[in-house]
Amino acid sequence: MTTAFIYQNAAYFQPSFALQKLSTAYARQNFQATDTEVKDGTDLDNMTVPSPITEDLIAFTLQYDCVVGARAFEYNGEIVVAAITTPFYLKSERDKAKNEIQSDLRNLTDYENITVTFDVGIYRNIREELNDSDKERLLKLAKTR
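Residues numbered from 1 in each chain as written. Predicted model: local features only at pLDDT ≥ 70, side-chain atom pairs only at ≥ 80, totals over all residues. Heavy atoms only, no water.

J.: Looking at this structure, I do not really get the overall build of the chain. What am I missing?
T.: When helices and strands are counted, the chain shows five helices and four strands. In sequence order, the secondary structure elements of the chain are arranged as β-α-α-β-β-α-β-α-α. Across the chain, contacts joining residues at least 24 apart in sequence account for 60% of those joining residues at least 6 apart. Here the chain has roughly 8700 Å² of accessible surface; of this, 50% comes from carbon and sulfur atoms. (Helix = DSSP H or I, 4+ residues; strand = E, 2+ residues; numbered from the N terminus. Contact = heavy atoms within 4.5 Å. Areas by Shrake-Rupley, 256 points an atom, 1.4 Å probe, with all protein chains shown as cover.)

Okay, structure coming up:
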């Protein structure tokens, strides 16, 4: 089972290395002495690990100047990347940025089915824990919008 992973307002130059360091730093700060619970009371044994591919795609997407936030999830071999951007003045600028991000993400990975959306509703609904029906619904929305 894969889950969505959320990063906002950050830029990474080497996604895998930076995310590994970020995850390690977060874990060191939040583990209690028992190493079975996070400070907020989350049970680590029942947590699902974010997909490394979605982490890297989010980090890569955040490198664009127009992107201020990104979330992603994987479902049945398809990936949805939802991004929050700075305002665009022309629709052609928006479409150009969206197509550029999508083609760069496809070139970066072996996935052909990557959908990039700037829809705030989809962005807002991507959470760390998504069930399959929510993923399927969001995937259909991302493809139609």
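J.: Explanation requested: helix H5 (residues 132-144) in the structure shown.
T.: The periodicity of an α-helix, 3.6 residues per turn, causes residues three or four positions apart to be oriented the same way. With 13 residues, H5 ought to run about 18 Å at 1.5 Å a step, and its terminal C-alpha atoms sit 19 Å apart, in line with that. Three or more residues of H5 are buried, namely Asp134, Lys135, Leu138, Leu139 and Ala142. End-on view of H5: buried residues confined to an arc of 135°, all on one side of the axis. For H5, exposure combined with an orientation more than 90 degrees from the buried face picks out Lys140 and Thr144. On the buried face of H5, the contacting elements are strand E2 (67-75), strand E3 (78-85), strand E4 (114-117) and helix H4 (120-125). (Expected span 1.5 Å × (residues − 1). Buried < 20%, exposed > 50% of the residue type's maximum accessible area, 1.4 Å probe, protein only. Arc of directions from axis to C-beta.)

J.: How should I be thinking about the packing of helix H2 (residues 52-61) against helix H3 (residues 91-108) in this particular structure?
T.: When two helices pack together, you describe them by how their axes are tilted relative to each other and by the distance separating the axes. Following both chains from N to C, one finds H2 and H3 inclined at 140°, their axes separated by 11 Å at the closest point. As summarised for this structure, H2 and H3 are arranged oblique, according to the angle between their axes. Between H2 and H3 lies a crossing of right-handed hand. The residues of H3 that touch H2, namely those facing Leu57, Phe60 and Thr61, are Ile101, Asp104, Leu105 and Leu108. (Axes fitted to C-alpha atoms, helices over the stretch in contact; angles between N-to-C directions. Parallel < 35°, antiparallel > 145°, perpendicular 65-115°, else oblique. Left-handed = near helix turned anticlockwise from the far one by under 90°.)

J.: I'm lost on the pairing of E4 in this one. Help?
T.: In the case of a regular strand, side chains alternate between the two sheet surfaces. On E4, burial covers both faces: Ile114 and Val116 on one face and Thr115 and Thr117 on the other are all buried. With four bridges joining them, E3 and E4 adopt parallel strand pairing. Considered in E4, the bridge of Ala82 is made with Thr117. (Pairing = 2+ DSSP bridges.)

J.: Explanation requested: the side chain of Gln102 in the structure shown.
T.: Its location among the elements puts Gln102 in helix H3. Ignoring anything within four residues of it in the chain, the contact list for Gln102 reads Ile114, Thr115 and Val116.

J.: Help me understand the environment of Tyr75, please; the structure alone is not making it clear to me.
T.: Relative to the assigned elements, Tyr75 resides in strand E2. Classification of Tyr75 as buried rests on a relative accessible area of 14%. Remark: the alpha-carbon pair of Tyr75 and Asn131, spanning 56 residues in sequence, is separated by 10.0 Å. If we skip the residues at most four places from it in the chain, Tyr75 touches Asp132, Lys135, Glu136 and Leu139.

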